[in-house]
Amino acid sequence: MIDLSCNISGVHLKNPVIMASGTFGFGKEYGALYDINQLGGISGKGLTLNPKDGNDGIRVYETPSGMLNSVGLENPGVAAFLRDECPRWEKLDLARIVNLGGNTIEDYVEGARLIHEDSTVRMAAGRQAVDMIELNISCPNVKAGGMAYGIQTETAREVVRQIRATTSLPLVIKLSPNAEDIVGMAVMCQEEGADGVSLINTFSAMKIDIRKRRSVFDNLYAGLSGPAIKPIALRMVHQVSRAVTIPVIGMGGICSAEDILEFIMVGAAAIQVGTYNFVNLRGGQQLVQDLEQLMEREKITSLDEIRGII
């Protein structure tokens, strides 16, 4: 009997396959293609306190072994999510993770407060729609000239500290590979009471249109994801896993069951799948099936047997 289950800070997952924020919406569209309850979890589309229209111009551009995105966190806002999406999320049988961003600490805190209060009311009524908050600290700090909160450890510390004080929901911090010291950032998150970290977010990158003689993106830079970044993501997950005792969720170019086992072997408690959802619309379902078959072939009965063996 193959045991695919895992645990992230008290949140049980039937398997380690979580759909990454920004690549799966809130699950509704993919749910029309296959039973998403087969998944371990969903990290929903990134939310901000207030609705956002996102970036103008080209938003997605394919690259060798990956893609660039400059979507700009288009989303309906926290209140609309709680009102319109949570009634459907209550019916899902998987881990439901809210990805929360913000441009000021005040926005982060107010968003977390609304999510926490809504969750408290639902749980009191015997319902639950949110199991965990994933804090996106790659957002630009508008009060500091636009530098992302997740670049400097001490800048990020205050965000993590205040969100931790705002909610008792399990809190995972999503780390940027562009951080000055990603290991130090992870250690700080643990020090400030985070229940886990997830990494890596996209790399800052760009593409030039040589005919128009300008960047393809109105925003100049975009986020690089996909198989091209996997070797770097593996290295970073390995380094972070060795430095902290809280769970690490690994991501970055995962497209196969073999990729999943690589991340588990370097210490990941679970993984997230992003760009592959655009390559294979039923990718989540396929990965869960392939993972069980691969573990059976390799005579691995549970993920705990191989987690962190490298």
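Rules used throughout
- Residues numbered from 1 in each chain as written.
- Predicted model: local features only at pLDDT ≥ 70, side-chain atom pairs only at ≥ 80, totals over all residues.
- Heavy atoms only, no water.
- Phe/Tyr/Trp six-rings, centres within 6.5 Å; stacked < 30°, edge-to-face > 60°.
- Buried < 20%, exposed > 50% of the residue type's maximum accessible area, 1.4 Å probe, protein only.
- Helix = DSSP H or I, 4+ residues; strand = E, 2+ residues; numbered from the N terminus.
- Contact = heavy atoms within 4.5 Å.
- Pairing = 2+ DSSP bridges.
- Axes fitted to C-alpha atoms, helices over the stretch in contact; angles between N-to-C directions.
- Salt bridge = Lys/Arg side-chain N within 4 Å of Asp/Glu carboxyl O.
- Core = buried A, V, L, I, M, F, W, Y, C linked by side-chain atoms within 4.5 Å.

Caption draft 1: Layout of the packing of aromatic side chains. Here the structure, examined in full by the defined rule, presents five aromatic pairs. Arranged with centres 4.3 Å apart and planes meeting at 15°, the rings of F24 and Y30 form a pair that is stacked. Seen in terms of ring centroids, F81 and W89 are 5.1 Å apart; in terms of plane orientation they differ by 85°. Their pairing is edge-to-face. Considered together, F81 and W89 belong to a single accessibility category, that of buried residues.

Caption draft 2: Local environment of helix α8 (residues 257-265). Regarding α8, the residues found buried are A257, D259, I260, L261, F263 and I264. Against β3 (17-19), α7 (230-243), β15 (248-251), β16 (270-273) and α10 (283-297) lie the buried residues of α8. Residue G267 follows α8 closely and has a positive phi angle near 125°.

Caption draft 3: Up close: the sheet that holds strand β6 (residues 66-69). On the basis of which strands lie adjacent, the open sheet formed by four strands has the order β5-β6-β14-β11 and antiparallel pairing. A strand with exactly one partner marks an edge of an open sheet, and here the two such strands are β5 (60-63) and β11 (203-205). Put simply, the sheet's adjacent strands are angled 35° from each other on average, direction ignored. Alignment of β5 against β6, held across four bridges, turns out to be antiparallel. Across the sheet, T63 pairs through a bridge with G66, a residue of β6.

Caption draft 4: Region of the structure containing the pattern of salt bridges. Under the defined criterion, the tally for this structure stands at 20 salt bridges. Two residues, K230 and D259, come together in a salt bridge whose shortest N-O distance is 2.7 Å. With a gap of 29 residues between them, K230 in helix α7 and D259 in helix α8 connect regions that are remote in the sequence. For K230, a relative accessible area of 13% translates into the label buried.

Caption draft 5: Examining the sheet that holds strand β7 (residues 95-100) more closely. Around the barrel, eight strands lie side by side as β3-β4-β7-β8-β9-β10-β15-β16; this closed barrel has parallel pairing. Neighbour-to-neighbour, the strand axes of the sheet open up by a mean angle of 25°, direction not taken into account. As judged from the three bridges shared by β15 and β16, these two strands associate in the parallel manner. Of the residues in β16, the one forming a bridge with M251 is Q272. Helix-sheet contacts for helix α5 (residues 153-166) involve β8 (132-136) and β9 (171-174), and the interaxial angle to β9 is about 160°.

Caption draft 6: Highlighting the nonpolar core. Ranked by size, the top nonpolar core spans 79 residues in total, and within it I173, L175 and L199 carry the most contacts. When residues no more than four places from it in sequence are discounted, the contact partners of L175 are I137, I182, M185, A186, C189, V197, S198, L199, I200 and N201. Membership of the second largest hydrophobic core comes to 12 residues, among which are I8, L13, I97 and A269.

Caption draft 7: The arrangement of the side chain of E85 in detail. Mapped onto the fold, E85 is located in the loop between α2 (78-84) and α3 (86-89). Setting aside chain neighbours within four positions, we find E85 in contact with F26 and A80.

Caption draft 8: Just the side chain of N277, in detail. By the secondary structure assignment, N277 is in helix α9 (residues 276-279). For N277, a relative accessible area of 0% puts it in the buried group. Apart from the residues within four sequence positions on either side, N277 is in contact with M19, T23, F24, Y30 and G284.

Geometry only, nothing functional implied.
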